[in-house]
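Secondary and tertiary structure notes
The lines below spell out each chain.
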Amino acid sequence: MAVTRTFSIIKPDATRRNITGAVTKMLEEAGLRVIASKRIRMSREQAEGFYAVHAERPFFADLCTFMTSGPVVVQVLEGEDAVKRNRDVMGATNPKDAAEGTIRKALAESIEANTVHGSDSDENAATEIEFFFTPQEIVG
Ligand code: CMP
């Protein structure tokens, strides 16, 4: 299995509750290594650009408001089959549907305040990593 990279956001509901360490512990225990990390406050422009694929969805405006409502931690994660490994440990988008042992089952508050974002493909991971990180900030 190839070692690949994915992009993660620890969302404002998690920074508000001071559980970024708990989230990161679950990522690390799932076999992912944090090779870049920074705590930022996303601008509205960044949120709208990052989630542009959802621009036509009814929840878009609320999503951008939520993602700019407090600090987030953006991370690059590395591991074997990192995109799938991360999505497996995150669990389903809606915590009501998330499996036992996943981050969203254990920690998420709602479908919006669902604690973590993770890329859904290698291609999107590369785009999302580039959106927030320079190559110099990634130390594998
Ligand atoms: P994320 O993986 O960050 O990508 C898009 C986000 O939209 C998703 O996580 C959810 O947190 C959020 N969202 C809010 N409402 C909905 C909804 N009704 N359906 C899907 N995603 C939603």
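Now for a look at the structure at hand. (Residues numbered from 1 in each chain as written. Predicted model: local features only at pLDDT ≥ 70, side-chain atom pairs only at ≥ 80, totals over all residues. Heavy atoms only, no water.)

1. Let's talk about the overall build of the protein chain
A count of helices and strands for the protein chain gives 7 helices and 4 strands. Traced from its N-terminal end to its C-terminal end, the protein chain shows the element sequence β-α-α-β-α-α-β-α-α-β-α. The globule rule puts the C-alpha radius of gyration for 140 residues at 14 Å, and the 14 Å found for the protein chain is close to it. Dimensions of the protein chain, computed from C-alpha atoms along their principal axes, come out at roughly 40 × 35 × 25 Å. Within the protein chain, buried positions represent 47% of all 140 residues. The contacts in the protein chain between residues at least 6 apart in sequence include a share of 77% that link residues at least 24 apart. Here the protein chain displays about 7,400 Å² of accessible surface, and carbon together with sulfur accounts for 49% of that area. Each charge sign in the protein chain was given a centre, from 17 positive and 21 negative side chains, and these centres are 6 Å apart. (Helix = DSSP H or I, 4+ residues; strand = E, 2+ residues; numbered from the N terminus. Rg over C-alpha atoms; globule rule 2.2 N^0.38 Å. Buried < 20%, exposed > 50% of the residue type's maximum accessible area, 1.4 Å probe, protein only. Contact = heavy atoms within 4.5 Å. Areas by Shrake-Rupley, 256 points an atom, 1.4 Å probe, with all protein chains shown as cover. Lys, Arg positive; Asp, Glu negative; His and termini not counted. Charge placed at Lys NZ, Arg CZ, Asp CG, Glu CD.)

2. Quick notes on unusual backbone geometry
Excluding glycine, most residues fall at negative phi; most peptide bonds, likewise, are trans. With a phi angle near 60°, asparagine 18 is a residue other than glycine that sits in the positive phi range. By the secondary structure assignment, asparagine 18 is in the loop between α1 (12-16) and α2 (20-29). Residues other than glycine seldom take positive phi values, yet threonine 115 does so here, at roughly 75°. With respect to the helices and strands, threonine 115 occurs in the loop between α6 (103-107) and β4 (116-118).

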